[in-house]
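Fold and geometry: a report
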Amino acid sequence: MSFVEMVMIPSQLPKNLYLTILTNSSSFWNETALPLGGILGGFASCLFALGCNLGVLSPAWAQVDPIITNQSYTNDSSGSTLVSETTPKAQDNPTTNLPTGDAPTQVESNQDYELLSQVEQYSESEAAPAIESASENELLSQIEQYSGSQPASAVPTLPENEILSQIEQYSISERPRRRRRSFPRVDSLVDVTPEDWAYDALRTLMNNYRCLAGYGDDTFRGNNNLTRYEFAAALRRCLQRVETIIKNNFDLATEEDLASIERLIEEFEAELAIVKDKVSDQEGRVEFLDNNNFSTTTILRGSANFLLNKVFGERKAVPSGQIPTEDLDTLLTFSGGVQLNFDTSFTGRDLLRTNLRAGRNRDVSLGKLFYRFPVGDRASVYVATTNQSASEFVPVLNPASSISAFASYNPLYDVGAGAGGGIYYQFTDLIGVGVSYYTGSSNSPNPGKGFFNGDFAALSQITFTPSDRLGIALAYTHYYSPQPGSNRNVTNSVGSEFAQLPFGKNTATTSDNLNIVASYQISDRLQVGGWVGYFHASAQSSALVNGLSIPQGSNADIWTWAFTASYNDLIKLGSKLNFIFGMPPKLTDNDISQREDQDTSYHIELSYRYPIADRISITSGGFVTLAPEHNKANNDIWTGLIRVNFSF
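Because the structure is predicted, anything quoted here is derived from the model rather than measured.

**A short note on the overall build of the chain**
Along its length, the chain carries 12 helices and 22 strands. With 648 residues in all, the chain has 46% of them scored as buried. A separation of at least 24 residues holds for 65% of the contacts in the chain among residues at least 6 apart in sequence.

This is how it looks when you write it as structure tokens:
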């Protein structure tokens, strides 16, 4: 098969045809590309070998610039091994990440070798060593001319670039310690082995020419198909490297060598032009964003909701032991709200979030303000000034998206929300632990308030993730409020009135709360979860409530549970069907027997979110509360809604 026949292949080919092309490509290059110290012929054969082998070239390697790993490197104390560092430092030219091994061979007799080492040093460190002789000064001029593009990477006299690796090793071991940017080598690819038939070609292009790279996850993905545009992008990159080698070694260039390169360029002229236009377009877009961006450290995200809502029922619910008498007259309502998040990062790993909200009252208020930053590789610290709770700090493991307050998660996570903070530490992939402290009265200097003297909730949770599909968490909170009726009550306004205020609105109350929650992914689409929660409340002061005497030290027990499930991508990709069934918090036992829930209420919820576009979705659903307030005398209450969400 001729070269012209080879390059006029369709945009994508199956691997068997690539194999046929490969068997004929090496002979072509042996005939047309005269030796460039093994550079040009080896490059062409390797590149076409890769382009043909099982479609090994894929979009990641078709970039004009290769993918560079996020870590940077420095020499260790011996000067021979590259050690990763946490903070990368961008440099103009990638360098080879050499493996450890025997001491590199030193080259002393050939002046070209020494000057090549100076080329590498100058282009990487941007400071050339002192050169005294006239010939060396002339070469320094050449170095300055080409160091902005690509470093020299070939030695003229030895075949197969064997000496290049030695020179690079020598120059690395003799240089002072400094940060380096690693160019990936073929042995770093997890899905490529020496047994692969294209291994030698790939090793040449990656290790010697450094013009191709794998994906960011250290894979090569050799079974992917290759288009002509992808090949053109890879060709452009490798041609730049080969042209640089030729320009920096004029004595090696021949008319046949240059003709071979020109032939490659002519065959892929159209594709190379398209690649160049795309690169120019991307550069223009980047420049525009740099000149017109909102902030170099802050991203604005937001959402707007339109909500149509209706509640159905005959009577307003009353606590256990009472008979409802007041009609439940509700009208269809239409409302909306907007949330804006200003997400700021100073280091790339931290997050300062400023949340603004505007709703039916037409007032813009500060919804949240918190700062999260890492400590080491496993810990995250949260500090918040308002409206923060543990539910945004530790995993709640609820796979379903809820349209009601009860079905989101166990209410113990939101008890005592306000200002505070916490730390979450991931000991291993299996175990993570979080602790937090929040209070709702931190901004008041009055007695019985403040950061430590008012209401608060302290939480600790241990989370187990034995597999990617299963998560289990055990949480404990201690809650206190001098007046639970004036701020967050025992169950955060979820469940019956007796569960929220077991000893009345103005009786100082503490509670010790436990929760066990789990979630399991049955399949790629179906997930289930659930929780069981227990609250043990105690009266910390005496009170008289509706003619009942509440002695200090009175105790009450409260229980709640729920089962949740979600099914993703039903009808359309990105959709989600949610189901929740559970028992809202119920006061099952109280030393003040008149304030116990006599019956049992159940919550049943079903909703479906459908994506209309990438940033527009509509959610419809409803829920019913059977025997509200755990009182069979109350009529069931139904709630339905339609919500349209716009995110930006």
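**Considerations on the packing of aromatic side chains**
All told, the structure shown has 17 aromatic pairs when counted by the stated rule. Ring centres of Tyr 608 and Tyr 610 lie 6.3 Å apart, and the angle between their planes is 40 degrees; on these two criteria the pair is classed as tilted. Residue class for Tyr 608 comes out buried when judged on its relative accessible area of 17%. Of the residues examined, Tyr 610 reaches a relative accessible area of 29% and is grouped as partly exposed. Here the aromatic cluster, defined as three or more aromatic residues joined through ring pairs, consists of Tyr 437, Phe 451, Phe 452, Phe 456 and Tyr 480. The ring of Phe 312 has Lys 310 lying over it, and the distance from NZ or CZ to the ring centre is 4.5 Å.

**With respect to the pairing of strand E7 (residues 351-358)**
The pairing of strand E6 (residues 333-344) with E7 spans seven bridges and is antiparallel. When the sheet's bridge partners are listed, Asp 343 is paired in E7 with Arg 353. Hairpin remark: E6 followed by E7, antiparallel, with six residues in the connecting loop; positive phi at Gly 348, about 95 degrees. Across eight bridges, E7 lies against strand E8 (residues 364-375) in antiparallel orientation. Bridge assignment links Asn 355 to a residue of E8, and that residue is Lys 368. Linking E7 back to E8 in an antiparallel pair, the connection comprises five residues, with Arg 362 at a positive phi of about 65 degrees.

**Considerations on unusual backbone geometry**
Phi angles above zero are rare outside glycine, and Leu 397 is one such case at about 55 degrees. By secondary structure assignment, the location of Leu 397 is in the loop between strand E9 (379-388) and strand E10 (418-426). For Leu 397, a relative accessible area of 18% corresponds to the buried category. With a phi angle near 60 degrees, Ser 493 is a residue other than glycine that sits in the positive phi range. Assessed through its relative accessible area of 52%, Ser 493 is described here as exposed.

**Things to note about the pairing of strand E21 (residues 616-626)**
Two elements, strand E20 (residues 602-613) and E21, share 11 bridges in a ladder whose sense is antiparallel. Looking at the pairing, Ser 607 lines up with Gly 621 of E21. Two successive antiparallel strands, E20 and E21, enclose a turn made up of two residues. Looking at chain direction, E21 and strand E22 (residues 637-647) are connected through 10 bridges and run antiparallel. Bridged to Ser 617 within E22 is Asn 645.

**Digging into the side chain of Thr 491**
Assignment of secondary structure puts Thr 491 in the loop between strand E13 (470-481) and helix H12 (497-500). Side-chain polar atoms of Thr 491 contact the backbone oxygen of Val 494, separated by 2.7 Å. Every residue in contact with Thr 491, bar those within four places of it in the chain, is listed here: Pro 411, Ala 499, Gln 500, Phe 535, Ile 558 and Pro 585.

**Quick notes on the side chain of Ser 566**
Residue placement: Ser 566 occurs in strand E18 (residues 555-568). By relative accessible area, Ser 566 is classed as buried at 2%. Only 3.3 Å separates the side chain of Ser 566 from the backbone oxygen of Pro 399, close enough to count as a polar contact. Once residues within four sequence positions are removed from consideration, Ser 566 is found in contact with Pro 399, Ala 400, Arg 525, Leu 526, Gln 527, Lys 576, Leu 577 and Asn 578.

**Brief notes about the environment of Arg 353**
With respect to the element layout, Arg 353 can be found in strand E7. A C-alpha to C-alpha distance of 9.5 Å links Arg 353 and Ala 384, two positions 31 residues apart in sequence. One polar contact links Arg 353 to Asp 343, side chain to side chain, over a distance of 2.8 Å.

**Comments concerning the pattern of salt bridges**
Summed over the entire model, instances satisfying the criterion amount to six salt bridges. Residue Lys 316 is joined to Glu 326 by a salt bridge in which the shortest nitrogen-to-oxygen separation is 3.0 Å. You can see Lys 316 sitting in the loop between strand E5 (298-312) and E6 and its partner Glu 326 sitting in the loop between E5 and E6, a full 10 residues away along the chain. On the basis of relative accessible area, Lys 316 is assigned to the partly exposed category, the value being 37%. What emerges from the salt-bridge pattern is a single network uniting Arg 301, Asp 343 and Arg 353.

**What about the environment of Leu 570?**
Its place among the elements puts Leu 570 in the loop between E18 and strand E19 (576-590). With 39 residues separating them in the primary sequence, Leu 570 and Arg 609 have C-alpha atoms 9.6 Å apart. Here Leu 570 is in contact with Ser 575, Leu 577 and Tyr 608, once residues within four sequence places are set aside.

**Brief notes about the confidence of the model for the chain**
Model confidence for the chain is summarised by a mean pLDDT of 74, while 65% of its residues fall at 70 or above. Segment residues 47-137: pLDDT under 50, and 252 contacts once partners within four positions in sequence are set aside and those in other chains are kept. Overall, residues 139-161 carries pLDDT values under 50, and its contacts beyond four positions in sequence, including any with other chains, amount to 66 contacts.

**A short note on a nonpolar patch on the surface**
A surface patch of nonpolar side chains, amounting to about 570 Å² of accessible area, comprises Phe 306, Leu 308, Leu 332, Phe 334, Ile 642 and Phe 646. Among the secondary structure elements, those contributing two or more residues to the nonpolar patch are E5 and E22. Among the secondary structure elements, Leu 308 is positioned in strand E5. Since its relative accessible area comes to 32%, Leu 308 is described here as partly exposed.

Thresholds, definitions, all that
Residues numbered from 1 in each chain as written. Predicted model: local features only at pLDDT ≥ 70, side-chain atom pairs only at ≥ 80, totals over all residues. Heavy atoms only, no water. Helix = DSSP H or I, 4+ residues; strand = E, 2+ residues; numbered from the N terminus. Buried < 20%, exposed > 50% of the residue type's maximum accessible area, 1.4 Å probe, protein only. Contact = heavy atoms within 4.5 Å. Phe/Tyr/Trp six-rings, centres within 6.5 Å; stacked < 30°, edge-to-face > 60°. Lys NZ or Arg CZ within 6 Å of the ring centre and 35° of its normal. Pairing = 2+ DSSP bridges. Polar contact = N/O pair within 3.5 Å; in protein donor to acceptor, adjacent residues only side chain to side chain. Salt bridge = Lys/Arg side-chain N within 4 Å of Asp/Glu carboxyl O. pLDDT = per-residue confidence, 0-100. Patch = residues over 30% accessible without salt bridge, like charges linked within 9 Å, V, L, I, M, F, W, Y side chains within 5 Å. Areas by Shrake-Rupley, 256 points an atom, 1.4 Å probe, with all protein chains shown as cover.

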